[in-house]
Amino acid sequence: MATTREADPTHDFIFTAQPARVVFARGSLQRLPQEVEALGARRALVLCTPQQRDQAQAAADLLGALSVGVYDGAQMHVPIEGARLAREHARAVGADCAVAIGGGSTIGLGKAIALESSLPIIAVPTTYAGSEMTPIYGITEAGLKKTGRDARVLPRTVLYDPDLSVGLPVAMSVTSGINAIAHAAEGLYARDGNPVMSLMAEEGIRALAVGLRGVVRSPSDLAARGDCLYGAWLCGTVLGHVGMALHHKLCHTLGGSFNLPHAETHTIVLPHALHYNTQAAPEAMRRIARALGSDDAATGVHDLAAELKAPLALRDIGMPESELDRAAEIALANPYWNPRPIEAQAIRELLRNAWEGRRPGD
Ligand SMILES: NC(=O)C1=CN([C@@H]2O[C@H](COP(=O)(O)OP(=O)(O)OC[C@H]3O[C@@H](n4cnc5c(N)ncnc54)[C@H](O)[C@@H]3O)[C@@H](O)[C@H]2O)C=CC1
Ligand SMILES: O=C(O)/C=C\C(=O)CC(=O)O
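Residues numbered from 1 in each chain as written. Chains lettered and ligands numbered in written order. Predicted model: local features only at pLDDT ≥ 70, side-chain atom pairs only at ≥ 80, totals over all residues. Heavy atoms only, no water.

Peer 1: How would you explain the site of ligand 1 if you had to name every residue and give the values?
Peer 2: In the vicinity of ligand 1 lie 24 residues, with Thr-49, Ser-105, Thr-127, Thr-134 and Lys-145 positioned nearest. Here Thr-134 contributes a side-chain N or O atom positioned 2.7 Å from an oxygen atom of ligand 1. Note that a nitrogen atom of ligand 1 is positioned 2.9 Å from one of the backbone N or O atoms of Ile-136. For ligand 1, whose accessible area on its own is 860 Å², the fraction buried by protein is 87%. (Near = heavy atom within 4 Å. Polar contact = N/O pair within 3.5 Å; in protein donor to acceptor, adjacent residues only side chain to side chain. Areas by Shrake-Rupley, 256 points an atom, 1.4 Å probe, with all protein chains shown as cover.)

Peer 1: Give me the lowdown on the UniProt feature "domain: Fe-containing alcohol dehydrogenase-like C-terminal" (unreviewed entry) in the protein chain, citing residues and values where you can.
Peer 2: Under the UniProt annotation, the feature "domain: Fe-containing alcohol dehydrogenase-like C-terminal" (unreviewed entry) is placed at residues 174–355. As annotated, residues 174–355 comprises 72% helix and 0% strand, and the C-alpha atoms at either end are separated by 19 Å. (UniProt positions renumbered as here; feature names shortened; annotations may be inferred. Helix = DSSP H or I, 4+ residues; strand = E, 2+ residues; numbered from the N terminus.)

Peer 1: Tell me about the domain arrangement of the protein chain, residues and numbers included.
Peer 2: We note that the domain assignment places domain 1 (21–164) and domain 2 (170–356) within the protein chain. Measuring from the centre of the C-alpha atoms in domain 1 to the corresponding centre in domain 2 gives 25 Å. With 23 residues of domain 1 at the interface, the matching set in domain 2 holds 30 residues. Summed over both sides, the interface between domain 1 and domain 2 buries roughly 2100 Å², with carbon and sulfur atoms accounting for 66% of that surface. Along the contact surface separating domain 1 from domain 2 lie eight residue pairs in polar contact (both at pLDDT 80 or more). At the level of elements, strand E1 (21–24), strand E6 (136–141) and strand E7 (144–149) are the ones that each hand at least two residues to the side of domain 1 that touches domain 2. Ranked by residue count, the leading element in the side of domain 1 that touches domain 2 is E7, at four residues. Split into classes, the residues belonging to the side of domain 1 that touches domain 2 amount to 11 nonpolar, seven polar and five charged. (Domains from an automatic or database assignment. Contact = heavy atoms within 4.5 Å. Buried area = accessible area lost by both parts, 1.4 Å probe. Nonpolar A, V, L, I, M, F, W, Y, C, P; charged D, E, K, R; others polar.)

Peer 1: Quick rundown of the pattern of salt bridges? Include the residues and the values.
Peer 2: Considering all chains together, one arrives at 20 salt bridges under this definition. Taking the shortest distance from any N to any O, the salt bridge between Arg-152 and Asp-150 comes out at 2.8 Å. A cluster of three or more residues bridged by salt bridges with shared partners is formed by Glu-321, Arg-352, Glu-356 and Arg-358. (Salt bridge = Lys/Arg side-chain N within 4 Å of Asp/Glu carboxyl O.)

Peer 1: So, the site of ligand 2: which residues are in play, and what are the values?
Peer 2: Within the structure, ligand 2 sits among Ile-136, Tyr-137, Gly-138, Lys-145, Thr-147, Asn-179, His-183, His-248, His-252, His-262 and His-266. A distance of 2.9 Å is found between an oxygen atom of ligand 2 and a side-chain nitrogen or oxygen belonging to His-252. Contributing elements (two or more residues each) for the shell around ligand 2: E6, E7, helix H5 (170–188), helix H8 (246–258) and helix H9 (262–277). Among the elements that line the shell around ligand 2, the one with the most residues is E6, at three residues. Residue assignment places the shell around ligand 2 across two domains, with domain 1 (21–164) and domain 2 (170–356) each supplying three or more.

Peer 1: Explain the UniProt feature "domain: Alcohol dehydrogenase iron-type/glycerol dehydrogenase GldA" (unreviewed entry) in the protein chain residue by residue, including any values.
Peer 2: When the UniProt feature table is mapped to this numbering, "domain: Alcohol dehydrogenase iron-type/glycerol dehydrogenase GldA" (unreviewed entry) covers residues 19–162. In residues 19–162, helix accounts for 31% and strand for 28%; the two terminal C-alpha atoms are 23 Å from one another.

Peer 1: Report on helix H4 (residues 104–117), specifying residues and quantitative values.
Peer 2: Along its 14 residues, H4 runs 19 Å from first to last C-alpha, staying within 8% of the 20 Å computed at 1.5 Å per residue. By the criterion of burial, H4 is predominantly enclosed, with 11 of the 14 residues buried. Every buried residue of H4 is listed here: Ser-105, Thr-106, Ile-107, Gly-108, Leu-109, Gly-110, Lys-111, Ala-112, Ile-113, Ala-114 and Leu-115. Turning to H4, the residues buried within the fold contact strand E2 (44–47), strand E3 (67–71), helix H3 (80–92), strand E4 (97–102), strand E5 (121–125) and E6. (Expected span 1.5 Å × (residues − 1). Buried < 20%, exposed > 50% of the residue type's maximum accessible area, 1.4 Å probe, protein only.)

Peer 1: Which residues make up the packing of H8 against helix H13 (residues 344–356), and what values go with them?
Peer 2: What describes two packed helices is the angle between their axes and the distance between those same axes. Where H8 contacts H13, the two axes come as close as 13 Å, and the packing angle between them is 65°. Relative to H13, the crossing made by H8 is right-handed. Each of Leu-246, Leu-250 and Leu-254 in H8 lies in contact with H13, whose residues at this interface are Ile-347, Leu-350 and Leu-351. For the contact of H8 with H13, a count of residues per class yields six nonpolar, no polar and no charged. (Axes fitted to C-alpha atoms, helices over the stretch in contact; angles between N-to-C directions. Left-handed = near helix turned anticlockwise from the far one by under 90°.)

Peer 1: I'd like a rundown of the pairing of E5, residues and numbers included.
Peer 2: By the criterion of burial, E5 is predominantly enclosed, with five of the five residues buried. On E5, burial covers both faces: Ile-121, Ala-123 and Pro-125 on one face and Ile-122 and Val-124 on the other are all buried. Once you follow E4 into H4 and on to E5, the crossover reads as right-handed. Pairing of E5 with strand E8 (residues 157–160) involves two bridges; the strand directions are parallel. Bridging from a neighbouring strand, Ile-122 pairs with Thr-157 of E8. (Right-handed = clockwise from strand over helix to strand, strands pointing away. Pairing = 2+ DSSP bridges.)

Peer 1: Give me H13: which residues, what numbers.
Peer 2: An ideal rise of 1.5 Å per residue puts 18 Å on 13 residues; H13 measures up with 18 Å between its terminal C-alpha atoms. When H13 is considered as a whole, its buried residues turn out to be Ala-346, Ile-347, Arg-348, Leu-350, Leu-351, Asn-353, Ala-354 and Trp-355. Buried positions along H13 lie against H8, H9 and helix H12 (324–333). After H13 finishes, the residue Gly-357 shows a positive phi value of roughly 80°.

Peer 1: Tell me what's going on with the sheet that holds E1, and back it up with residues and numbers.
Peer 2: Pairing in this open sheet of six strands is parallel, and the strands run E1-E8-E5-E4-E2-E3 from one edge to the other. Pairing within the sheet leaves two strands with one partner each, and these edge strands are E1 and E3. This sheet shows a mean twist of 15° between the axes of neighbouring strands, independent of strand direction. Sheet contacts for helix H2 (residues 53–63): E2, E3 and E4; angle to E3, the most-contacted strand, approximately 180°.

See the structure below:
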């Protein structure tokens, strides 16, 4: 079962950098044709959700003859049925590159295609989920979300353009930003952490805490949107380089098995997961609290979410109270590392508190 020690990421680490090309600038979307050509591709399939078809069509228009069209079949948690249809379409149009313009669902569809075809992905993120910076894929089959790591799914190029996230609704911006903060928080106590990722994690949390407040004050504030996207890049990079633990396991369980909205689930669960791990990872908690400008990591995240009017309770996003026991069973089913041992009763209590939306420690 899990061992219990906070890794010492300063004097005991292995750091293997992932390959990535990141272009971060307002208007960087205009570089799309040259970035497709730089990969040696000539037939780019533009992926999106139905809601973002306009943005995808604009990207396809920019590509001109380099595009083989738009495919708007992206769905949250990447159901296997949708992945198969997208793989079939990519083959049918002879795509040699996927351009995923959207959030983690769209990038996740690109990853599902690449997992089978090794198609290179250019990611154009429009949320703060951070999937563009990781070799992690997630595919949901028969009500269970399975995740894995594979170099084939790591996007080759990422174009961060703050202009593209201006339209992200404020409520979604907040929860997507706290999803990113969760990557960094668990990265700070990762068993395989390292000084580089810890520096990026702390800076990512800081940037997002500042940026999200700015976005709530003024959704069209491009400086704030830029801070959030910068934080998302840092936090997504952490997610891509080090292992996650209890918090992400619980969110995959709740998201994949109970079809709860991803970013909202992260926002609600994170304070409780940090509270669970507080005693076992004091240095990580100190750095999280410092980045938030708070005196405690768990309540700092809770209070940030409350200040930004984010959901605080699982019951408010569709989690049935009657399913809490099953959620605990699934979360306990497969052993994984966590700085504190996974204890059934304590996990059940964590889920109860998250379901009620309690402030940690109250
Ligand atoms: N593999 C990985 O490393 C990661 C994967 N994920 C996965 O990503 C998915 C969640 O991704 P999210 O980005 O949170 O949400 P999402 O990609 O599902 O987007 C949520 C909704 O917002 C819309 N949207 C996105 N950007 C918009 C914009 N700028 N303006 C207006 N509408 C916009 C989308 O079209 C969609 O309808 C989950 O399946 C999660 O598991 C999340 C983080 C990391
Ligand atoms: O579900 C996936 O695609 C894999 C990882 C994540 O979603 C990371 C997270 O839980 O935010």
